[in-house]
Amino acid sequence: MPVTVLIGAQWGDEGKGRVADWLAADAQIMARYGGGDNAGHTITVGDEIYKMHLIPAGALREGVINILGHGMVINPQKLLEEFAMLEGRGHPITPDNMLISERAHIITPSHRAIDIAKEAARGDAKIGTTGRGIGPAYTDKVQRSGLQIYHMLDEEAFGDRVEEHIARWNEQLEKIYRSSPLDPKTVASEYTEYARKLKPFITNITLVIQTALEEGERIVCEGAQGTLLDLDLGNYPFVTSSSAGVAGALSGLGFGPQHVDRVVGATKAFSTRVGAGPMPTELHDDYGDRLRGTGENPWDEYGTTTGRARRTGWLDGVALRYAVQVNGFTELVLTKLDILSGFDELKIAVAYEISGKRTEYFPAKLEDLEAATPVYESFTGWDADIMGVTEWDALPAAARDYILKVGEIVGVTVKQATTGPARRDVINL
Ligand code: GDP
Ligand code: IMO
Ligand code: MG
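Residues numbered from 1 in each chain as written. Chains lettered and ligands numbered in written order. Predicted model: local features only at pLDDT ≥ 70, side-chain atom pairs only at ≥ 80, totals over all residues. Heavy atoms only, no water.

Participant: So what about helix H4 (residues 134-142)? Which residues, and what values?
Facilitator: Of all the positions in H4, only Ile134, Pro136, Ala137, Tyr138 and Asp140 are classed as buried. In this structure, the buried residues of H4 make contact with strand S6 (73-74), strand S8 (105-106), helix H3 (109-122) and helix H5 (155-175). The first or second residue beyond H4 is Arg144, which carries a positive phi of 60 degrees. (Buried < 20%, exposed > 50% of the residue type's maximum accessible area, 1.4 Å probe, protein only. Helix = DSSP H or I, 4+ residues; strand = E, 2+ residues; numbered from the N terminus. Contact = heavy atoms within 4.5 Å.)

In structure tokens form, the structure reads like this:
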């Protein structure tokens, strides 16, 4: 059974990029199944830091085929920029190693403009989106008026479609949001040019995936965002518009569940969130600031896509247990353990108190989650700097206890803990 699905177990930015990078070492195919360039996956290779928004981690490994799946919404301009970034750094992108699903949807400047205008109109109730047009692109898809990647194959007809699309959204932009309209002809000619460049990469990925499965090749599905941002599973409406969880991999790439033998959940050793929405274990004190870092280090908690400071807090065991349950994780990777060095005390939420009642379940009702007070278990911290430690035995006893405790609280084994952003900074348990 040859499919591994890698999923963010929190609110995104769990270190999926670095985990995907090591899973890519044994993969024939690496595939993104959902989201778009709202994602920002960091991969550190020696002195090089790669920030990938659309392209899976396999692009850094020779011989791996990278797929952008049906479930994605793709901004062609950003994709071409990412091609150029990788090529410029010695990683050729060719139709042999990069395939785009015909069925994926296209993000346009109208989607971006509407995303930004909608957020402005929401005022205090804003979601804090990345402004990349994700919500409006999925809206177009769900209301069955979206532009699909295969439309690019007929450039002339595509130009007409883009013009119609821009004109349609201009009505909303002007009448509802009082924003400036976009010029349909200019966008159409820009998008026709993107179509010409992307054409060689557009293909029927079902054929490729089914053949790979028949031949027993290893496919790794690189999740984007995180379970708590999943449209169905997260804290609606403070979510993204795609299926970030395990189900998204099946529909966003197109294969049956019997092929999946590993579901890897990535979680930080603490919590972070960018954008608005409830976060029960958020800290507004020195501890929170220390978890975030000042921005001096490349791994400090500032958004990979938008540069926004991430909200930080203790590990939320209730939310993580929920992510384990709804995705069926077979194992967990605990990232950024090194960041916890030097804290006198560490805490993990094991339950919430909501209106005076204790619950161990992650609530669906937004008001409940907003009212949830974490019930913490406390642990002794450790002093030693553990960055770069690769041996279990070399970890302070308190760090070993912390890792084991996470597994116990959420009911799934932590198989790896990471102690730095570099490829080698991993402890196999
Ligand atoms: P993703 O979206 O899940 O791929 O995560 P991001 O790339 O947005 O954010 C994770 C950040 O943490 C990146 O800067 C990584 O290089 C960094 N990182 C990942 N694992 C570790 C680790 O074990 N220790 C430290 N210090 N940084 C890490
Ligand atoms: P990776 O793959 C963290 C968040 C946004 C916002 C909400 C909706 O790097 O983990 P959207 O632009 O998707 O409509 O914004 O979702 N968000 C992410 N947060 N990491 C991500 O991706 C995210 N992708 C979206 O901040 O709160
Ligand atoms: Mg990220």
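Participant: Explain the coordination of the magnesium ion (ligand 3) residue by residue, including any values.
Facilitator: Protein-derived ligands of the magnesium ion (ligand 3) are Asp13 (OD) and Gly40 (O), with the metal-ligand distances lying across 2.0 to 2.2 Å. With a gap of 27 residues between them, Asp13 in the loop between strand S1 (3-8) and helix H1 (16-23) and Gly40 in the loop between strand S2 (29-32) and strand S3 (41-45) connect regions that are remote in the sequence. Overall, Gly40 belongs to the buried group, its relative accessible area being 11%. (Donors = N, O, S within 2.8 Å, 3.2 Å for Na, K, Ca; no water.)

Participant: Give me the layout of surface pockets: which residues, what numbers.
Facilitator: Here the second largest pocket defines a volume of roughly 560 Å³. What lines the second largest pocket is a set of 31 residues, among which Thr42, Pro298, Trp299, Lys336 and Pro421 lie closest to the centre. Breaking the lining of the second largest pocket down by element, the ones donating at least two residues are H1, S3 and strand S4 (48-52). A per-class count over the lining of the second largest pocket returns seven nonpolar, 13 polar and eleven charged. (1 Å grid on protein atoms, 1.4 Å probe; cavity = no way out; pocket = protein on both sides within 12 Å on 5 of 7 lines; lining within 4 Å. Points joined across faces, edges and corners; volume = space filled by probe spheres on them. Nonpolar A, V, L, I, M, F, W, Y, C, P; charged D, E, K, R; others polar.)

Participant: Give a description of the site of ligand 1 that names residues and reports values.
Facilitator: Taken together, 22 residues form the shell around ligand 1, and within it Lys16, Gly17, Thr42, Asp338 and Thr418 come nearest. Within the backbone of Lys16, one N or O atom sits 2.7 Å away from an oxygen atom of ligand 1. Asp338 has a polar side-chain atom sitting 2.8 Å from a nitrogen atom of ligand 1. Taken by itself ligand 1 offers 590 Å² of open surface, and the protein chains cover 98% of this. Using a 2 Å cut-off from the grid points, one finds that ligand 1 occupies the second largest pocket. Only H1 and S3 provide two or more residues apiece to the shell around ligand 1. (Near = heavy atom within 4 Å. Polar contact = N/O pair within 3.5 Å; in protein donor to acceptor, adjacent residues only side chain to side chain. Areas by Shrake-Rupley, 256 points an atom, 1.4 Å probe, with all protein chains shown as cover. Sits in = over half its atoms within 2 Å of the grid points.)

Participant: Let's hear about the pairing of strand S7 (residues 98-101): which residues, and what values?
Facilitator: Because side chains alternate across S7, one face comprises the buried residues Met98 and Ile100, and the other comprises Leu99 and Ser101, equally buried. Relative to strand S9 (residues 202-203), S7 runs parallel, the two sharing two bridges. Paired with Ser101 across the bridge in S9 is Thr203. (Pairing = 2+ DSSP bridges.)

Participant: Describe the site of ligand 2, and please don't skip the residues or the numbers.
Facilitator: The immediate surroundings of ligand 2 are formed by 21 residues, with Asp13, Lys16, His41, Thr130 and Thr240 found nearest. Residue His41 places a side-chain N or O atom 2.7 Å away from an oxygen atom belonging to ligand 2. In this structure, Val274 approaches ligand 2 through a main-chain N or O atom, which is 3.1 Å from an oxygen atom. Relative to its free-state accessible area of 550 Å², ligand 2 is covered by the protein chains to the extent of 98%. Taken together, the residues of the shell around ligand 2 break down into eight nonpolar, ten polar and three charged. Split by domain, the residues of the shell around ligand 2 number at least three in each of domain 1 (3-93 + 205-428) and domain 2 (105-201). (Domains from an automatic or database assignment.)

Participant: Now, about the domain arrangement of the protein: what can you tell me, with residues and values included?
Facilitator: Here the protein is described as being made up of domain 1 (3-93 + 205-428) and domain 2 (105-201). The straight-line distance from the C-alpha centre of domain 1 to that of domain 2 is 29 Å. In this complex, domain 1 contributes 28 residues to the contact, which on the side of domain 2 involves 24 residues. Both sides of the domain 1 and domain 2 interface together cover about 2,000 Å² of buried area, and 63% of this is carbon and sulfur. (Buried area = accessible area lost by both parts, 1.4 Å probe.)

Participant: I'd like to hear about the sheet that holds strand S20 (residues 426-428), residue by residue, with values.
Facilitator: Pairing is mixed in the open sheet, where ten strands are placed in the order S9-S7-S5-S2-S10-S1-S11-S15-S19-S20. Here the strands that pair on one side only, and so sit at the sheet edges, are S9 and S20. By the bridge criterion, five bridges tie strand S11 (residues 260-268) to strand S15 (residues 331-335) in an arrangement that is parallel. Looking across to S15, one finds that Gly265 is bridged to Leu332. This element, helix H12 (residues 397-410), spans S15 and strand S19 (414-418) of the sheet and lies at about 135 degrees to S19. (Axes fitted to C-alpha atoms, helices over the stretch in contact; angles between N-to-C directions.)

Participant: So what's going on with unusual backbone geometry? Which residues, and what values?
Facilitator: Cis peptide bonds are those with omega within 30 degrees of zero, and the linkage from Tyr236 to Pro237 qualifies with 5 degrees. If you trace the backbone, Pro237 turns up in the loop between strand S10 (219-222) and helix H8 (246-254). In this structure, Arg144 is a non-glycine residue whose phi angle is positive, near 60 degrees. When you line up the elements, Arg144 lands in the loop between H4 and H5. Residue classification places Arg144 among the exposed residues on the basis of a relative accessible area of 78%. Unlike most non-glycine residues, Arg178 shows phi in positive territory, near 55 degrees. Along the chain, the position of Arg178 falls in the loop between H5 and helix H6 (184-198).

Participant: Tell me about the packing of H3 against H5, and please be specific about residues and values.
Facilitator: Relative orientation of the contacting elements H3 and H5 amounts to 15 degrees, with a least axis distance of 9 Å. Considering the angle they form, H3 stands roughly parallel to H5. When the axes of H3 and H5 are compared, the crossing they make is left-handed. Here Ser110, His111, Ala113 and Ile114 of H3 lie close against H5, whose contacting residues are His165, Ile166, Trp169, Gln172 and Leu173. Here the residues of the contact of H3 with H5 are counted per class, giving five nonpolar, four polar and no charged. (Parallel < 35°, antiparallel > 145°, perpendicular 65-115°, else oblique. Left-handed = near helix turned anticlockwise from the far one by under 90°.)

Participant: Before we move on, could you go through the packing of aromatic side chains and cite the residues and values that matter?
Facilitator: Applying the stated criterion across every chain, the model contains nine aromatic pairs. Centre to centre, the rings of Phe83 and Phe201 are 4.9 Å apart; their planes meet at 55 degrees, and the pair counts as tilted. Of the two residues, Phe83 is situated in helix H2 (residues 76-88) and Phe201 in the loop between H6 and S9; the sequence distance between them amounts to 118 residues. For Phe201, a relative accessible area of 8% puts it in the buried group. (Phe/Tyr/Trp six-rings, centres within 6.5 Å; stacked < 30°, edge-to-face > 60°.)

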